Every structure is written in structure tokens, then in C-alpha cells.
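Spelled out from the first residue to the last, the chains are:
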Amino acid sequence: MVEKLATLWPEITLLVGACVCLFLGLAPSATARRAPAWIAAAALIVAALIAWFGADVHEMGGLALYVKLMVVAVGLLLLMLVAQVPDQLKQVTEAEAHAGSRFEPGDVMRGEFFAFFLLSLAGVMLCAGANDLVWLFLALELTSLPAYVMVAISRDRIAAQESAIKYFFLGAMAAAVFLYGFTLIYGATGTTQFDAIARYVGENGASPLFVTGLVLAVVGIGFKIAAVPMHFYAADVYEGAAVSVTAFLAFVPKTAGFVSIILLLGLGGQTLPEAVTWLVWAMAAATMTVGNVLGLLQHNVKRVLAYSSIAHSGYMLVALVGGVAASTGSALGNGVAAVLFYLIAYALGNLGAFAVLGCLRARGEEADTFDDISGLSNRHPALAAIMLVSMLSLVGLPPLVGFVGKVYLFGTAIQHGFVWLVIIAVLNSAVSAVYYLRIAAACYFGEPEERTQAAALGPRQFSAMIAAVAALLLGVSGNWLVNATIAAAAPMVTPRAVATERKSVDEPVADIADLADATMQGRADSVEP
């Protein structure tokens, strides 16, 4: 237990930062109430430094270290987006607190907002380091519960409260489903420890009770990644929340969900039956198809991006199908590496698009319709260019990182014989180009909308620019990130039940341009079984 606690200093740092934000949010001084955003940024940076320099990688695990650093990097960009959300709400400010007015802490939401932000990110980190079903359940709920509140307080409109209620009740139902699955896994194996479960399954095989529990757990956690059949909430919640919080929802719960699914699929080692393979296959095909088809029918940009988020979950599930089905444990590690890379690619494209929307104001609200971004290039060419780069990356066009990510994902599935699933994925990518290019076309070829104004240069614009530049640079020279994902996934290449030593990858991918050949030839999967 002491050794385990030693790996949790990044999470503890975020929890301490959240407590400080709560206290400062109650301060009567407006200067103190402005500090939580800076406290949150400092907590994230300190957590990253501790994870990079102070953590024992052998104890923490490569997957946990990668996820923690990824959460901090994307979290800082998200913080630049959400930093202005509390300021847009009705709350007591020094300008309003004229002589004789009494400070009411209940009217100020700034401290709570940033505390919930840090708590949710800490939950994702805890998911990555989980080694027990109870631990994983609590980490998933720590990720989700603050997000429900962030949706409710992100806008001073009834739509935000309505979205939060939908999100909360559907989330509670999903939690009941995957928790019931956890109980069945415990009933089948007699333990909640991951290593003990994998050892039991390796020695005795996957019983029907274990398989049923695993299926329910995967389907329930599908809510976190907005996968079919747990996807219904996404469009309404994304539309009702503030743009910045919507960007947060599109990345943070999804990352926690995929990390959890990866850990659960690793429990069965080489003994998982075909039922689990075809479950993931069906979820992947249905999720990307439903997301793209419904995305074509939307007239609100936020709803389009919500269905886009659903579709991208389907793409990432494609990579896991081959790993689950393969007869060698190395395949799961290859699929995990592809998913870890694509989470970054997806986050950059998605964050850039939402950041542009957050920079625009129409009718006194954040932009969210096609009319609001119409003719954007005429008045704000930089924002239009960022939106174009984001859309092309999400489509998967070279030389952007989205192209490399999709080659990585689909190459893993082809390598293990799931050609038809990849064909479905490629067709879905072609369908998605219609609504992505529709957004870009509105920015460049639409009639300028005079009522839409861009905010003054601030953190959101910087966040959008960083995301767009990173999407381009990682697409051209991101082989270091490919190697990092391979190293992070290396512990997954040998089933837990028979693992006796830590494996390493013999030959890293030499150049990002060779990634397609590398994935299909198995160079990223060069671990001896």
C-alpha cells in the first residue's frame, strides 16, 4: 500500500489544488477570487513535474505515466478555455459590490468551478493507475460527478441545468450497469484485484459469469466514451453546456472510459472468448455509423461536434477489436498504443474547433450555429484558419495528426484480419468529411454575419492556436509520440496472468511517414510472445 501511495503524488497535488481553489473562491476579496485559475494551472504543472521526475515508472506503470502527462498537457489547454466561464456568469464582483453591500459566497462560483475541474482530471489519472475494481469504480465516479456540476453552472440558462440533469441520471444508470458487471466479475473470480483476476482466468478459463460481467462493464463504461448504445445524452448535453465545458466533456470522460476499457480487456489475457470480440466489433461499427449519419442531419455546430465525438469513439474501438481477438497478447498492446496516440490527435482537433466557437459571441451568447460562423474568414481570418485545420485533422487528411492517428488505428485492425470493419470505418470517415467540410465552408464561403463578434485576444485564442499548430507538427514529425505510446502500452503485450517480467519494444517506429507500413507489418508489435 505504501508503494502504491508513492505513485499518487500527481493526483494528491491536484486534490490539494482543488481544496485551495475552494477556499479562495469563498474569499470576500475579488483579487483572491481571481486566483483559482492560476492555482489550477500551478497544480497541473507541479503534478506533471512530479510524474516526470519524481515517480517510479516501474511502480506507476508506463500506461499511467503516459495518461497523467497527457491529461496535464491537454488539461492546460482546456484550462485556458474554461478560465473565462465563471466570469460570464452572474456573480458578485467588486464593481457590483458597492458600499454597504454584503458579500454572499453563494453568489460566487469561481472557486468551485476550478476545484471541480481539477477533481475530474485527478479522476482520470486515478483510472490509469487502478489495479482494483473498487479503485476503478471510484476513479470513474470522481471523473464524472464534478463534470455533472460543471455542466449545470457553466451557463446562466435553463438549458444548462436541463443538460446536467439528463447527464446525471443517464450517468447514474450507466454506473449501475458497469458496477453490476464488476460484481459479476468478483463473483466469478472471488477477488477484485486485477492481477488476481487475470491469474484466476488464466488458470481456470473465462467462465460464463465472468464474460457476462465483462460485457456489462464494457457496455456501462461505454457511457463515458459516448458509444452506442450509451450515446443518447451526448448531443443534448454538449449543446446545453458552455462551449468550453463541452470541450472538456469531449476529452476527459472519454479518456477515462477508454483507459478503463483497456484495463478491463487486459484481465482476460489470451482466454477471452469470441463473444467479447464481437461485442467490441458491434460497438465500434454501430458507434461510428450512428455518429456520422446523425451528424449529417444537424444544424447546430455543437451538436455536429457531439455526434463527431461519438463517431471518433467508434474509430478508437476499431483498434481494440484486433487486440481482443488476436491469439497473442502483443496485439492488445498494439491496439492500446494506437488508441493512446489517437486520443491526443482527437483532443487537438476537437479542442481547436470548440476554442474557435468560444472566441465568438452572437446575440450575447457563445457562437454555436452555422449562421454564427458564416463568413468568419472575412472578419477573423486567423480563427477561420484554425477551424479549417481542426476540421481537416478530424477528417483525417495528411499531413495533419488526425491522418496519422487513423492510419495507426485502422492498420492495427487490418493486421489482425478485420478488413471489413476497417472498410466500414473508412466509409464512415468519408461520410464525416461532409459535415466537417460544411463547417469549414461556412467559415470561408458563407455570408458574413454582422452580429457575430470575436472576443479580444485572450487565453482562448492562444489555446486554439496551440492546438492547431500542434496538430500540424505532430502530423509531420510526431514519431517521438508514437514511440511514447508504444512504450506506454508495452506492459499490455503480455497477459497479466502469465507476465513474469517487464517487456520492451525492440524496434521503435523510425519515421512518422512510415507509420502505415509499420502498423501493417507489425513493427510496433515486435515483442516476443
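This text goes with the structure placed above it.
Here goes a summary of the coordinates provided. Being a predicted model, the structure only gives us computed values, none of them experimental.

## Comments concerning the packing of aromatic side chains
For step 1, the next point in the chain: Inspection of the entire model under this criterion finds 15 aromatic pairs.
For step 2, the next point in the chain: Ring centres 5.3 Å apart and planes at 70° place the aromatic pair Phe168 and Phe169 in the edge-to-face group.
For step 3, the next point in the chain: Owing to a relative accessible area of 53%, Phe169 belongs among the exposed residues under this scheme.
For step 4, the next point in the chain: Here the basic side chain of Arg438 rests over the ring of Phe370, its NZ or CZ set 4.0 Å away from the ring centre.

## Concerning helix H9 (residues 158-189)
For step 1, the next point in the chain: Under the 1.5 Å per step criterion, the end-to-end length of H9 is 47 Å for 32 residues, consistent within 8% with the ideal 46 Å.
For step 2, the next point in the chain: Taken from the residues just after H9, Gly190 is the one with a positive phi, measuring 80°.

## Overview of the nonpolar core
For step 1, the next point in the chain: Of all hydrophobic cores here, the largest spans 175 residues; its most connected members are Leu78 and Phe117.
For step 2, the next point in the chain: For this core, the leading source of residues is helix H16 (residues 330-359), giving 20 residues.
For step 3, the next point in the chain: With near-sequence residues (within four places) excluded, Phe117 lies in contact with Leu44, Gly75, Leu78, Leu79, Val82, Met150 and Phe248.

## Examining the side chain of Ser390
For step 1, the next point in the chain: Positionally, Ser390 belongs in helix H19 (residues 381-395).
For step 2, the next point in the chain: On the basis of relative accessibility, which here comes to 3%, the residue Ser390 falls in the buried class.
For step 3, the next point in the chain: Ignoring sequence-local partners within four residues, the contact set of Ser390 consists of Gly349, Gly352 and Ala353.

## Digging into the pattern of salt bridges
For step 1, the next point in the chain: All told, the structure shown has six salt bridges when counted by the stated rule.
For step 2, the next point in the chain: Residue Asp236 pairs with Lys166 through a salt bridge whose shortest N-O separation is 3.1 Å. Placement of the pair is Asp236 in helix H12 (residues 234-240) and Lys166 in helix H9, with a sequence separation of 70 residues.
For step 3, the next point in the chain: By relative accessible area, which is 30% here, Lys166 ends up partly exposed.
For step 4, the next point in the chain: Through salt bridges with shared partners, a single ionic network connects Glu162, Lys166, Asp236, Glu239 and Arg303.

## Some details on the packing of H19 against helix H22 (residues 459-477)
For step 1, the next point in the chain: At a minimum axis separation of 9 Å, H19 and H22 run at an interaxial angle of 45°. Considering their axes alone, H19 and H22 lie oblique with respect to each other. For the crossing formed where H19 meets H22, the hand is left-handed. Along the contact surface, H19 presents Leu383, Ile386, Val389 and Ser393, while H22 presents Gln461, Ala464, Met465, Ala468 and Ala471.
For step 2, the next point in the chain: Within the contact of H19 with H22, the residues separate by chemical class into seven nonpolar, two polar and no charged.

## Structural notes on helix H20 (residues 401-415)
For step 1, the next point in the chain: For H20, built from 15 residues, the straight-helix expectation of 21 Å at 1.5 Å per residue is met to within 8% by its first-to-last C-alpha distance of 21 Å.
For step 2, the next point in the chain: Counting buried positions over the 15 residues of H20 gives 12, a clear majority of the element.
For step 3, the next point in the chain: Within two residues after H20, Gly417 carries a phi angle of roughly 90°, on the positive side.

## Observations regarding the environment of Leu343
For step 1, the next point in the chain: Along the chain, the position of Leu343 falls in helix H16.
For step 2, the next point in the chain: Overall, Leu343 belongs to the buried group, its relative accessible area being 1%.
For step 3, the next point in the chain: A C-alpha to C-alpha distance of 8.7 Å links Leu343 and Lys254, two positions 89 residues apart in sequence.
For step 4, the next point in the chain: Excluding residues within four positions of it along the chain, Leu343 makes contact with Met70, Phe251, Thr255, Phe258 and Met316.

## Re the packing of helix H8 (residues 133-153) against helix H13 (residues 243-265)
For step 1, the next point in the chain: Interhelical geometry of H8 versus H13 gives an angle of 170° and a closest axis separation of 11 Å. Of the possible angle classes, the one that applies to H8 and H13 is roughly antiparallel. Listed contacts from H13 to Leu133, Leu136, Leu140, Thr143, Ala147, Met150 and Val151 of H8 are Val245, Phe248, Leu249, Val252, Pro253, Ala256, Ser260, Leu263 and Leu264.
For step 2, the next point in the chain: When grouped by side-chain class, the residues that make up the contact of H8 with H13 number 14 nonpolar, two polar and no charged.

Definitions and cut-offs
- Starting from 1, residues in each chain are numbered consecutively following that chain's sequence as written.
- In keeping with the model being predicted, local features are shown solely for residues with a pLDDT of at least 70 and side-chain atom pairs are shown and tallied solely at 80 or more, while totals for entire chains, interfaces and linings include all residues.
- Note that the side-chain values use all heavy atoms of the structure and ignore hydrogens as well as water.
- Between 30 and 60 degrees the pair is tilted, below 30 it is stacked and above 60 it is edge-to-face, where a pair is any two Phe, Tyr or Trp rings, Trp via its six-membered ring, whose centres lie within 6.5 Å.
- For the exposure calls, accessible area comes from a 1.4 Å probe over protein chains only, and a residue counts as buried if that area is under 20% of its type's maximum, exposed if over 50%, partly exposed in between.
- We call a charge positioned above a ring when the Lys NZ or Arg CZ atom is no farther than 6 Å from the ring centre and deviates by at most 35 degrees from the ring normal.
- A run of DSSP states H or I qualifies as a helix once it reaches four residues; a run of E qualifies as a strand once it reaches two. Both are numbered from the N-terminal end.
- Here, expected helix span is obtained from the residue count minus one, scaled by 1.5 Å.
- In this text, buried Ala, Val, Leu, Ile, Met, Phe, Trp, Tyr and Cys residues form a nonpolar core when linked through side-chain atoms within 4.5 Å.
- Contact criterion: two residues are considered in contact whenever any of their non-hydrogen atoms come within 4.5 Å of each other.
- In what follows, salt bridge is the name for a side-chain nitrogen of Lys or Arg lying within 4 Å of a carboxyl oxygen of Asp or Glu.
- Only C-alpha atoms enter the line fits that serve as axes; for helices the fit covers just the stretch in contact. Angles between N-to-C directions range over 0 to 180 degrees.
- Orientation categories follow fixed angle ranges, with anything under 35 degrees roughly parallel, anything over 145 roughly antiparallel, 65 to 115 roughly perpendicular, and all other angles oblique.
- Each crossing is labelled by how the near helix is turned from the far one, with a counterclockwise turn of less than a right angle marking it left-handed and a clockwise turn marking it right-handed.
- Classification convention: Asp, Glu, Lys, Arg as charged; Ala, Val, Leu, Ile, Met, Phe, Trp, Tyr, Cys, Pro as nonpolar; all other residues, Gly among them, as polar.

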